[in-house]
Amino acid sequence: MSDELDIVALGEPLFELSQPPGTTHYEQGFGGDTSNVVVAAARQGARVGYIARVGADPFGEMFRKMWRAEGVDISGVQTDPSAPTGVYFITHDGGEHAFNYLRAGSAASRLRPEDVPLETVRRARYLHVSGISQAISPNACDAVFHAIDAARQAGVKVSYDPNLRLRLWPLARASAVSLATAARADYFLPSIEDARALSGFDTPEQIVRWAHELEVP
């Protein structure tokens, strides 16, 4: 059986603790945009892998158990013995979701270029990366670019979701990094809100023209 993977994603898993409205307890779940991508793809029958770092803690082990159950290849997931798995909390205020994060200094934020298992990247047809992974630390940002360079050299297609989160970094830096990444990607996947913020334009026609001028597919 071929060990080729359809999709490999690199990013930040976040353990979720969500408080249902009107209650005082929290229910556990699994978050992280790139982790969600590979799990969703696996459920559609794709062969998928994940590259990340988790802590040597119960949250990291629960992630591993979940990924295995979903059929995700986690040979690219490393355990950091001295940093925790990132956690976030969901509460509700006036009917709206409120998010609070404990991710500073997390295992995922400590991912470095030299930690990226390039053989896993090269096994894939597509590499999927996210702007959140670039925003959580400078070294994680460098790791994303390192993975993209390896993918391009191996003929692996790259998809990029900027997933703009201005709580993590200022717009000027986010824009510079996102556009540099988009120029290296085969598929640039911003939401309409992210595209407006990054381009400074408003209408779909203006945004498409802006993207084409960047030579972004």
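Everything discussed here concerns the structure shown above.
Keep in mind it's a predicted model, so treat the numbers as computed, not measured.

What counts, and where the lines are drawn
- Every chain is numbered on its own, with residues counted from 1 as its sequence reads.
- Where totals are concerned, whole chains, interfaces and linings use all residues; where local detail is concerned, this predicted model gives features only for residues with pLDDT of at least 70, and gives and counts side-chain atom pairs only at 80 or more.
- Side-chain metrics rest on all non-hydrogen atoms present in the structure, leaving aside hydrogens and water.
- Nonpolar cores are built from buried Ala, Val, Leu, Ile, Met, Phe, Trp, Tyr and Cys residues. Side-chain atoms within 4.5 Å join them into one set.
- In this scheme, a residue with accessible area under 20% of its type's maximum is buried, one over 50% is exposed, and one in between is partly exposed, where area comes from a 1.4 Å probe on protein chains only.
- Strands are runs of DSSP state E lasting at least two residues, helices are runs of H or I lasting at least four, and both sets are numbered from the N terminus onward.
- Residue contacts are counted whenever heavy atoms from the two residues lie within 4.5 Å of one another.
- A carboxyl oxygen of Asp or Glu within 4 Å of a side-chain nitrogen of Lys or Arg is what we treat as a salt bridge.
- Residue count minus one, scaled by 1.5 Å, sets the expected span of a helix.
- Pairing between strands requires that DSSP locate at least two bridges from one strand to the other.
- Between N-to-C directions, angles span 0 to 180 degrees; the directions come from axes that are lines fitted to C-alpha atoms, helices contributing only their stretch in contact.
- Pairing of aromatic side chains requires ring centres within 6.5 Å, counting the rings of Phe and Tyr and the six-membered ring of Trp. Pairs whose planes differ by under 30 degrees are stacked, by over 60 edge-to-face, and all others tilted.

Undergrad: Help me understand the nonpolar core, please; the structure alone is not making it clear to me.
TA: Most often, soluble globular proteins have nonpolar side chains that are buried together. Formed by 35 residues in total, the largest nonpolar core has its most connected members in Leu 10, Val 116, Val 121, Leu 127 and Val 129. When contributions to this core are tallied by element, the ones reaching two or more residues are strand E1 (5-10), helix H3 (118-122), strand E8 (124-130), helix H5 (138-153), strand E9 (157-161), helix H6 (171-182), helix H7 (192-199) and helix H8 (204-213). At eight residues, the largest contribution of residues to this core is made by H5. With sequence-adjacent residues up to four places away left out, Val 129 is seen in contact with Leu 10, Thr 34, Val 144, Ile 148, Ser 159, Tyr 160 and Asp 161. Counting residues in each nonpolar core, the second largest holds 19 residues, with Phe 15, Val 48, Tyr 50 and Ile 74 among its members.

Undergrad: Would you mind showing me how to read the pattern of salt bridges here?
TA: Opposite charge on two side chains allows them to pair when their charged atoms are near. Counted by the stated rule, this structure contains 15 salt bridges. For Arg 53, the salt bridge goes to Asp 80, with nearest N and O atoms at 2.9 Å. Of this pair, Arg 53 sits in strand E4 (residues 48-55) while Asp 80 sits in strand E5 (residues 72-80), and the two are 27 residues apart along the sequence. Judged by its relative accessible area of 12%, Arg 53 is buried. Residue class for Asp 80 comes out buried when judged on its relative accessible area of 1%. With its nearest N and O atoms 3.6 Å apart, the salt bridge here joins Asp 115 to Arg 53. Remark: Arg 53 occurs in strand E4 and Asp 115 occurs in the loop between strand E7 (96-102) and H3; sequence separation between them is 62 residues. Judged by its relative accessible area of 9%, Asp 115 falls in the buried class. Beyond isolated ion pairs, a larger network of salt bridges with shared partners links Arg 53, Asp 80, Arg 110, Arg 112, Glu 114 and Asp 115.

Undergrad: For this particular structure, what's the right way to read H5?
TA: Every α-helical turn comprises 3.6 residues, leaving residues that sit three or four positions apart pointing alike. Given a rise of 1.5 Å per residue, 16 residues ought to cover 22 Å, and the 23 Å separating the end C-alpha atoms of H5 matches this to within 8%. The secondary structure elements touched by the buried residues of H5 are E1, H3, E8, helix H4 (131-135), E9 and H6. Following H5 by one or two positions, Gly 155 has its phi on the positive side, about 80°.

Undergrad: In this structure, what is going on with the environment of Val 177? I would like to understand it.
TA: The residue Val 177 is located in helix H6 in this model. Relative accessible area serves as the criterion here: at 9%, Val 177 is assigned to the buried category. Separated by 104 residues in the primary sequence, Val 177 and Asp 73 have C-alpha atoms spaced 29 Å apart. For Val 177, the residues in contact, after removing those within four places along its chain, are Gln 134, Cys 141, Phe 145 and Trp 169.

Undergrad: What exactly am I supposed to notice about the sheet that holds E9 here?
TA: Remark on secondary structure: sheet strands pair via backbone hydrogen bonds, oriented parallel or antiparallel. Taking strand neighbours across the sheet as the criterion, the six strands line up as E5-E4-E1-E8-E9-E10 in an open arrangement whose pairing is parallel. Edge positions in the open sheet fall to E5 and strand E10 (187-188), since each of these has one partner strand only. By the bridge criterion, five bridges tie E8 to E9 in an arrangement that is parallel. For Val 129, the partnering residue across the bridge sits in E9 and is Tyr 160. Against the sheet, helix H1 (residues 33-43) touches E1, E4, E5 and E8, its axis set at about 145° to E4.

Undergrad: Would you take a moment to explain the packing of aromatic side chains for this structure?
TA: The way to describe two aromatic rings as a pair is by their centre distance and the angle between their planes. One pass over the structure, following the stated rule, counts 13 aromatic pairs. A ring pair is formed by Tyr 26 and Phe 89, whose centres lie 5.8 Å apart and whose planes are at 80°; its orientation type is edge-to-face. In this pair, Tyr 26 sits in the loop between strand E2 (14-18) and strand E3 (27-31) while Phe 89 sits in strand E6 (residues 86-93), placing the two residues 63 residues apart along the sequence. Geometrically, the ring pair formed by Phe 188 and Trp 210 is tilted, given 6.4 Å between the ring centres and 55° between the ring planes. Pair noted here: Phe 188 is in strand E10 and Trp 210 is in helix H8, with a separation of 22 residues, a long-range link.

Undergrad: Honestly, unusual backbone geometry in this entry has me stumped. Any pointers?
TA: Most of the time, phi is negative for any residue but glycine, and the peptide bond is trans. Residue Asn 163 is not a glycine yet carries a positive backbone phi of 40°. The residue Asn 163 is located in the loop between E9 and H6 in this model. Of the residues examined, Asn 163 reaches a relative accessible area of 11% and is grouped as buried.

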